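# Fold and geometry: a report
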Amino acid sequence: MTTAPAGTVTQAVPLRLRERVRHWLDSEPVLAYLFMSPGWLILLLFMSYPFFLGIWISLTDRTVGLPSGEFVGFRNYAELLRDRTFHLTVMNTFIYGFVTVPFKLVLGLLLALLLNQAFPMRNVLRAALLLPWIVPTALSSLAWLMLYDAVLSPFSWLLKNWGLIESNIAFLGTRTNAIISLCIANIWRGTPFFAVAILAGLQAVPQELHEAAAIEGANRVQRFLAVTLPVIKGILVITTLFSIIWTFADFQLVYVLTKGGPANSTHIFGTYAWQIGIGGAGKLGIGAAISLYMFPVLAVLSAILLRYVRSQEA
Amino acid sequence: MVGSNRLSSRLFLLYLPLAFFTVFLLFPFYWMLIISLKPNSLLLNMKINPLYLTQFTLEHYRYLLTNTDFPRWALNTAVVTFGATFLSLTSSILMGYALGRFRFRGGNLAGTAIFLAYLIPPTLLFIPLSQVVARFGLYNSYWALILTYPTFLIPFASWLLMGYFRTIPRELEECAMIDGASRFQAMWRIILPLALPGVLSAGIFSFTLSWNEFLYALVFMGSGEMKTIPVGTVSDLIRADVFQWGPLMAAAMLGSVPVAIAYMFFVDQYVSGLTAGAVKG
Amino acid sequence: MAQVIYDHVTKRFDGVIAVNDLTLEVKDGEFLVLVGPSGCGKTTALRCLAGLEEVTSGDIIIGDRVVTHIPPKDRDIAMVFQNYALYPHMTVYENMAFGLKLRKMPKQEIDRRVKEVAEMLGIQDLLNRKPRQLSGGQRQRVALGRAIVREPQVFLMDEPLSNLDAKLRVQTRGELIKLQRRLGVTTIYVTHDQVEAMTMGHRIAVMNQGVLQQLDTPENLYDHPANLFVATFIGSPAMNIFPARVVAGDGTVRLVAGDVTLEAPAEQRGRLAEYANREVLVGIRPEDLIVQPGQVSEDRQLRLPVEIVEPLGSETLVHLRGPAGALIAKADPHLHFSPGELASVRVKIEHMHAFDPQTELALF
């Protein structure tokens, strides 16, 4: 029953050049590459190129005063392995990056569970409690700097007033105190991020499931473990990995609060790289090597995160 | 009995913990505020309770605005923030659209690369990047930051927008193209208006991240009058060991105000941006 | 208004052939329905015509223009999508005016046309609403109005009724037919619903696995299916199919399936002779099985046990245990059948079909 095309149809005229260009521009792959090019151009120039340049610089003895520098192989890396300050730096970074996370996770989860309940002014409070994460960290760190001040700290004043201590606490005066103080400030800054991310996840928990579990006689804790936790597990894992990566590669909080002191005992990778590479002697080669020592850890964390995100997508 | 039980359970399980979190998370801001308003004479007097404000003065704010470079830092920060946000948003809309909409070879790979770029921290790059900035002759100019901030803004914003574009049904665009729109017209008149909440989220986030950035600003624009607010406040208002706490806290307050205001207006965009960027796959 | 021609159109996606060498001509002003199961290539064929998919090979002609490589916007067509694809940020008026504005039509002319079409569809009171404030039926009308107002050469419709509830669907079906006959615009309508296809189309093109199976009027398609696929796809409940052996002898040809023996229609004897002693697939529509409860003394009766009875009100479907699986028969609703009992069955052999078991092509 099919019919051959009628003979009266005008044949397709060969396309003119302008039309061919327009046609070519309308094809999806071409447009895709065209659309992505401004972004990739910036990322190639200011991300990929510096990344590889950094690897090269870390293999030279380049300094700010002597920008050419000579190839020295892995000398910078080897030197750092013998550097006591670098040992402390590695330790500090791991403490700072990993020890703070359980606190942020637990506090953030608690806060999210609280904010997920109905009470007056809930939205206002939710907005206000995210502030530590929104405000410029360098500036909020200044507030902490004063809260930790050897003379003016209101914490010391209160504790003295209550008769709990005799003299002011040196919050930033010893390595142990300083690291604890840094961690507390970091937990303060990171908790709202966890809370808001988890809160978004909690809102995806089906209410019927809770009701069904309640009818079957599950108490609050059992309901949380059986119903809520499986739903928000993905968010918990992803948020945690993000937080570890960011904290591991932090800079401002430590820079403002201790600048690595006392006696270079509280540096993390970022601040130590800055001090060696830019701030002090301007030893770019060693500074770049310090930064790059972060790379294996970041790469592993990123790979885990990527795999996890992909598996969540599927 | 039931009522009072319920009330006390709400008190212990909800209101007390909330009070704890409120004090913990907001106390530093309260402190910032009262110190910025406290006369110097009271500041160092250890006899009186430092947590209250018995008298207040705007002297620290006056000093900050007239005797320091703070107004100039604010201008610098604003120029850099708007420049970087505009550049990033434009490239990210295009990038996110391409990644979210088009079928092409290497699309998945590009998406993964963007995600990984999002995870590369400034602390890993700042030393070689300072050399690149110097080589391009951008050192201590606005362009140093306008061109480098997009390295962390574009991956974030593209990722967010990619997810957003994917939620818009393809048929809308197809229908527009059948109705007589070119692909660009369909994108401009149909898809972009519908993606506006996402664009707003990405924009507001880029604004905040640029305004708050510290390391690149410290290294690439850290000298003279080209400092940004965070860098200027931290490096110029703290001289040796003499802390001018009043002006410092006043600067911290003023430097936080623009992001706090932007935040108050767009809480929901912030939250959706934060969860999209951090959580959504 | 125009004819539409698919000239050997093939569309491949990453090695999968979605449309395979499709050649078909839609006449000017015709309502053509493309029907088939999901994944049969009907929607892809429509999207190729719209220009939303680039054809792999072949040509598409609208009116007297080859449009194979022309972008959708220049093909002078309008399309109604399954989910309507109304622009959510525009009012009904703006939705309808969008295509006209893009064509730089004067404001008054746009206004006149939009209002005229809105009135025709009874949506003149909705013009200032946003799509989300409309019911499903209203959205469907707006989508239709947006297509009509353009006055295109061809309407393309991709399952436009499938998101409506059953009652509204029947009502809208009727209105759509009237509208198309009145406007006289060539329309190509995709659906998976064979009832829609039968009631709406001047002609129906049945597709399966990317291949056009048959193109014909609804009546011919029903009475003379070209192959087994069309025979079983069109009609509800589906045609009963069972294998039977062809036995020729003493001037008759009989079809034997288990203990059921049917005499072949006299005029088909010659056609069946070449299948003597081989199997063919016999097809009988449910309404061509005349069933009565109990025993009836009449010639050429089969007696088959009743398995399930489905009273539908206007008719009763009786599932009988046939020679190979169930046979479904449509019975008078006033007759009473009980499962387990025997029923008398007469086959209207003049309406019987037979298919080659290998090629599945119809013998008659």
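Remember, predicted model here, so these are calculated numbers, not experimental data.

Our next topic: the overall build of chain B. Secondary structure summary: chain B contains 15 helices and two strands in total. Taking 281 residues into account, the globule formula puts the C-alpha radius of gyration at 19 Å, and chain B, at 24 Å, lies well above it. Each of the three principal axes of chain B carries a C-alpha extent, and together these read 75 × 75 × 35 Å. Among the 281 residues that make up chain B, the fraction classed as buried is 51%. For chain B, the proportion of contacts with a sequence separation of at least 24, taken over those separated by at least 6, is 78%.

Time to look at the overall build of chain C. The helix and strand tally for chain C stands at nine helices and 20 strands. With the C-alpha coordinates aligned to their principal axes, the bounding extent of chain C is approximately 80 × 45 × 35 Å. Within chain C, the fraction of its 364 residues that count as buried is 41%.

The subject of this paragraph is the sheet that holds strand β1 (residues 4-13) of chain C. One key point about sheets: their strands pair by backbone hydrogen bonds, in either a parallel or an antiparallel sense. Residues and elements named next belong to chain C. Spatial ordering of the open sheet is given by β2-β1-β4-β5, a layout of four strands whose pairing is antiparallel. The open sheet has two free edges, formed respectively by β2 (16-26) and β5 (65-66), since each of these has just one partner strand. As defined by bridge partners, β1 adjoins strand β4 (residues 57-62) across five bridges and the pair is classed as antiparallel. By the bridge assignment, Val4 is partnered in β4 with Ile62. Contacting β1, β2 and β4, helix α1 (residues 42-50) crosses the sheet at an angle of about 65° to β2.

Glancing now at the pairing of strand β14 (residues 279-284) of chain C. Residue and element names in this part refer to chain C. Here strand β11 (residues 240-249) pairs with β14 via six bridges, running antiparallel. Note that in β14 the partner of Ile241 across the bridge is Gly283. Both β14 and strand β20 (residues 353-355) contribute to a ladder of three bridges, which runs antiparallel. Within β20, the residue paired with Gly283 across the bridge is His353.

Looking now at the interface of chain A and chain B. Listed per partner, the contact involves 76 residues of chain A and 76 residues of chain B. If you tally residues by element for the side of chain A that touches chain B, the top one is helix α2 (residues 28-58) of chain A, at 18 residues. Here the side of chain A that touches chain B is built from residues that sort into 60 nonpolar, 13 polar and three charged.

Next up on the list: the domain arrangement of chain B. Residue and element names in this part refer to chain B. One can read the domain layout of chain B as domain 1 (2-57) and domain 2 (61-278). Between the C-alpha centres of domain 1 and domain 2 there is a distance of 33 Å. Those elements giving two or more residues to the side of domain 1 that touches domain 2 turn out to be α1 (2-37) and α2 (40-43). If you tally residues by element for the side of domain 1 that touches domain 2, the top one is α1, at four residues. In the side of domain 1 that touches domain 2, the residues fall into four nonpolar, two polar and one charged.

Below, the discussion takes up the packing of α2(A) against helix α6 (residues 122-135) of chain B. It is the contact of α2(A) with α6(B), at a shortest axis distance of 8 Å, that shows an interaxial angle of 105°. The angle between the axes of α2(A) and α6(B) places the two elements in the roughly perpendicular class. Of α6(B), the residues touching α2(A) (which contributes Phe46(A), Met47(A), Tyr49(A), Pro50(A), Phe51(A), Leu53(A), Gly54(A) and Ile57(A)) are Leu125(B), Ile127(B), Pro128(B), Leu129(B), Gln131(B) and Val132(B). For the contact of α2(A) with α6(B), the per-class residue count stands at 12 nonpolar, two polar and no charged.

For the rest of this paragraph, the subject is the domain arrangement of chain C. Residues and elements named next belong to chain C. Annotation of chain C at the domain level lists domain 1 (4-233) and domain 2 (240-355). Relative to domain 2, the C-alpha centre of domain 1 lies at a distance of 40 Å. Counting residues at the interface gives five residues for domain 1 and five residues for domain 2. In terms of residue class, the side of domain 1 that touches domain 2 is built from three nonpolar, two polar and no charged.

Reading the values: the criteria
- Residues numbered from 1 in each chain as written.
- Chains lettered and ligands numbered in written order.
- Predicted model: local features only at pLDDT ≥ 70, side-chain atom pairs only at ≥ 80, totals over all residues.
- Helix = DSSP H or I, 4+ residues; strand = E, 2+ residues; numbered from the N terminus.
- Rg over C-alpha atoms; globule rule 2.2 N^0.38 Å.
- Buried ≥ 20, exposed ≤ 12 C-beta atoms within 10 Å, placed from the backbone.
- Contact = placed C-beta atoms within 7 Å.
- Pairing = 2+ DSSP bridges.
- Axes fitted to C-alpha atoms, helices over the stretch in contact; angles between N-to-C directions.
- Nonpolar A, V, L, I, M, F, W, Y, C, P; charged D, E, K, R; others polar.
- Domains from an automatic or database assignment.
- Parallel < 35°, antiparallel > 145°, perpendicular 65-115°, else oblique.

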